[in-house]
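Single-letter residue listing:
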Amino acid sequence: MKYNIPRGTFDILPKDSYKWQFLQDSFRKMATCFGYEEMTTPVFEVAELFERSSGESSDVVQKEMYRFQDKKGRKFALRPEGTAPVVRSYIENHLDKLSSRTKLFYLGPMFRYDRPQAGRYRQFYQYGIEFIGSNNPYYDAEVIAIAFLWLNKLGLNNLRLEINSVGCPACSAVYDNVLQEYYRPFLPKLCPDCMKRLETNPRRLLDCKVPSCIEFRKNAPSQMDYLDELCKKHFSAVCNYLQAMNITYTVNPGIVRGLDYYTNTAFEIIYEGLGAQNSLVGGGRYNGLIEQIGGKSIPAIGFAGGFERLLWALEEENIDLASAPKPDAYFVCVGENTRMQILPYLNALRIKGLFIDYDPDKNSLKAQLKAADASGAKYAIIIGENELAAKTVNLKNMQTGEQITIPMDAEQTIKRMRCF
RNA sequence: GUGGGUGUAGUUCAACGGCAGAGCACCGGAUUGUGGUUCCGGGCGUUGUGGGUUCAAAUCCCAUCACCCACCCCA
């Protein structure tokens, strides 16, 4: 084998393609029922868009972006996430002028230069929702509900919805200081990563998996206690809406999200049993982002989920989504002269929408019927010299083994197939 | 970027210093134009690649590449 697929990428082969298509269609339907419309943006954008939105210090920007320059030296990046491009388009196309609220969803590949492992790829496919135009906590709950209820509908019931509030920029700044104060005395005892985090991104300290660091977390101050009145009210309203929707959740102060643009609500939907990558969906509110990248100050909330992990979870649960369609009929042809002469009839059936399998490389009747059986076709349409002369065909029901002789006519064949 | 594991037929795996094999899948056949079960036949594969040790390497050693898993981070 001469060429290999690039590291961290994968081919979607036909047998899996049916599953992917099913999931994509299913997500489209769900989003549509909630009033969301599809938007598709390019897979690459000006690199600065991501640097500005995700934050210079974020891992995405620091080490995971695929950057390249075009012939004129313009700096682009393969999109590492979907929100910034959607917001860029929202601003650029003045969607805020069309309506006070904009409900969007997207599907497509994202790219991150990461070391691949189970459930993590360099090109991966996301589905996402963005609601732009209101700070009403109802919409926080609606966006969460779309993700949660859709996964439920697919058959995933052992999910954990974890939510948190990171507050507005004002209260999160206060909290960061409080956290730094709390952790500073333990500095020498922290793991090397956490030593760095203390200065660069103190909230990440709450996310550390090193046992000794987990100890310190127990008595750490909670963001909840440092939310201002408005943020507190917003958060409890979101919780109330979720309860009213019968969606159970747990509050997890460790949900802090990796990107800088999040404000207030942050959430994650977790499915245990996917190795180290158990997060199926992640999202949150980003009230400051639109202004930050050149638009007006407009509140928004959204989420993104990964198809690969979703597929994996569904597999773990033995949930069968979709498989290759079976032929309506298998075309069996015997004799010297038949091969040429049956073609108009064969094509007529196909044009009328039937899935007809046919393999001219198989010669004997036996071999062809064997293939018909293996294909799972409901019928075999058998034509030999005699039938050709009589302008008839034999329609055989592969389940019952019964066979009838009918005129060689597409219209009539279809009619007989319905009731035989 | 760091650590661990694995590379043998299309696939799942065996052979663990002495001629590279099996199941599944695939193809063909079992007397004239009717499938599923059964039976028979069909595989010379640079053992990921390149070096080294040895009379002899899939097997031991080194390097390299790829994949997998984990850290980090996230979908």
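Quantities reported herein were computed from a predicted structural model and do not represent experimental measurements.

A cluster of nonpolar side chains, Val 43, Phe 44 and Phe 68, forms an exposed patch at the surface whose accessible area comes to about 220 Å². With respect to the helices and strands, Phe 68 occurs in strand β3 (residues 67-69). What makes Phe 68 partly exposed here is its relative accessible area of 32%.

The next thing to look at is helix α1 (residues 14-33). Each turn of an α-helix holds 3.6 residues, which means side chains three or four residues apart point in the same direction. Over its 20 residues, α1 runs 29 Å from end to end, which matches the ideal 28 Å to within 8%, given 1.5 Å per residue. Burial in α1 covers these residues: Trp 20, Leu 23, Ser 26, Phe 27, Met 30 and Ala 31. Looking straight down α1, one finds its buried side chains confined to an arc of 130 degrees; they lie on one side. In α1, those exposed residues whose orientation departs by more than 90 degrees from the buried face are Pro 14, Lys 29 and Cys 33. The inward-facing, buried residues of α1 abut β5 (102-111), β6 (123-132), α6 (137-154), β11 (300-306) and α12 (307-316).

Moving on, we get to the pairing of strand β16 (residues 403-407). Residues in a regular strand point their side chains to alternate faces of the sheet. Bridge count for strand β15 (residues 392-397) against β16 is five bridges, and the pairing is antiparallel. Directly across from Thr 392, in β16, lies its bridge partner Pro 407. Connecting the antiparallel pair β15 and β16 is a turn made up of five residues, with Gly 401 showing a positive phi of about 85 degrees.

The tally for this structure, following the rule as stated, stands at 17 salt bridges. Between Asp 96 and Lys 296 there is a salt bridge, and its shortest N-O distance comes to 3.3 Å. Placement of the pair is Asp 96 in helix α5 (residues 95-98) and Lys 296 in the loop between α11 (289-292) and β11, with a sequence separation of 200 residues. With a relative accessible area of 19%, Asp 96 lands in the buried category. Its salt-bridge partner being Asp 114, residue Arg 120 comes within 3.4 Å of it at the nearest N-O pair. Of the residues examined, Arg 120 reaches a relative accessible area of 21% and is grouped as partly exposed. Asp 114 gets classed as buried once you look at its relative accessible area, which sits at 16%.

For Met 417, the location among the structural elements is in helix α17 (residues 410-418). With relative accessibility at 9%, the residue Met 417 sits in the buried group. Along the primary structure Met 417 and Val 174 are separated by 243 residues, whereas in three dimensions their C-alpha atoms are 73 Å apart. Other than its neighbours up to four places away in sequence, Met 417 contacts Asp 328, Ala 329, Leu 354, Tyr 379 and Leu 395.

Here we take up the environment of Thr 392. For Thr 392, the location among the structural elements is in strand β15. The exposure class assigned to Thr 392 is buried, which follows from its relative accessible area of 18%. Leaving out residues up to four positions away in the same chain, Thr 392 has contacts with Glu 387, Thr 405, Ile 406, Pro 407 and Met 408.

Moving on: the domain arrangement of chain A. When its domains are assigned, chain A resolves into domain 1 (14-168 + 228-316) and domain 2 (329-418). Its C-alpha centre places domain 1 at a distance of 50 Å from the equivalent point of domain 2.

With that settled, consider the nonpolar core. Generally speaking, soluble globular proteins have nonpolar side chains that are buried together. Core analysis: the largest hydrophobic core is formed by 47 residues, its most contacted members being Tyr 127, Trp 150, Leu 151, Leu 161, Phe 303 and Leu 310. The biggest single contributor to this core is α6, with 11 residues. When sequence neighbours within four positions are dropped, the list of residues in contact with Leu 151 reads Tyr 127, Leu 156, Leu 159, Ile 269, Leu 280, Val 281 and Leu 310. Membership of the second largest hydrophobic core comes to 27 residues, among which are Ala 47, Val 87, Ile 132 and Tyr 262.

A few words on the sheet that holds strand β13 (residues 356-358). Strand order across the open sheet formed by five strands is β13-β12-β14-β15-β16, with mixed pairing between neighbours. For this open sheet the edge positions go to β13 and β16, each flanked by a neighbour on one side alone. Within this sheet the neighbouring strands show an average axis-to-axis angle of 30 degrees, counted without direction. In this sheet, β15 lies alongside strand β14 (residues 379-383) in antiparallel orientation, the contact comprising four bridges. Bridging from a neighbouring strand, Ile 381 pairs with Leu 395 of β15. Sitting on the sheet, helix α15 (residues 365-375) touches β12 (329-333), β13 and β14, and the angle it makes with β12 is about 175 degrees. In the packing of α17 onto the sheet, contacts are made with β12, β14, β15 and β16, and the angle to β16 comes to roughly 150 degrees.

Here we have eight strands laid out as an open sheet, ordered β1-β5-β6-β11-β10-β9-β7-β8, and mixed in their pairing. Only two strands of the sheet have a single neighbouring strand rather than two, namely β1 (37-38) and β8 (250-251). Two elements, β1 and β5, share two bridges in a ladder whose sense is parallel. Paired with Glu 38 across the strands is Phe 105, a residue of β5.

So, about unusual backbone geometry. Backbone geometry at Asn 246 places phi at a positive 60 degrees, although glycine is not the residue there. You can see Asn 246 is positioned in the loop between α10 (229-244) and β8.

Let us now look at the pairing of strand β4 (residues 75-78). With three bridges connecting them, strand β2 (residues 44-46) and β4 associate as antiparallel partners. Across the sheet, residue Phe 44 finds its bridge partner in β4, namely Leu 78. The sheet contact formed by β3 and β4 spans three bridges and is antiparallel. Across the sheet, residue Phe 68 finds its bridge partner in β4, namely Phe 76. Connecting β3 to the next strand, β4, in antiparallel fashion are five residues, including Gly 73 with a positive phi near 85 degrees.

About the criteria used
- Residues numbered from 1 in each chain as written.
- Chains lettered and ligands numbered in written order.
- Predicted model: local features only at pLDDT ≥ 70, side-chain atom pairs only at ≥ 80, totals over all residues.
- Heavy atoms only, no water.
- Patch = residues over 30% accessible without salt bridge, like charges linked within 9 Å, V, L, I, M, F, W, Y side chains within 5 Å.
- Areas by Shrake-Rupley, 256 points an atom, 1.4 Å probe, with all protein chains shown as cover.
- Salt bridge = Lys/Arg side-chain N within 4 Å of Asp/Glu carboxyl O.
- Helix = DSSP H or I, 4+ residues; strand = E, 2+ residues; numbered from the N terminus.
- Buried < 20%, exposed > 50% of the residue type's maximum accessible area, 1.4 Å probe, protein only.
- Expected span 1.5 Å × (residues − 1).
- Arc of directions from axis to C-beta.
- Contact = heavy atoms within 4.5 Å.
- Pairing = 2+ DSSP bridges.
- Domains from an automatic or database assignment.
- Core = buried A, V, L, I, M, F, W, Y, C linked by side-chain atoms within 4.5 Å.
- Axes fitted to C-alpha atoms, helices over the stretch in contact; angles between N-to-C directions.

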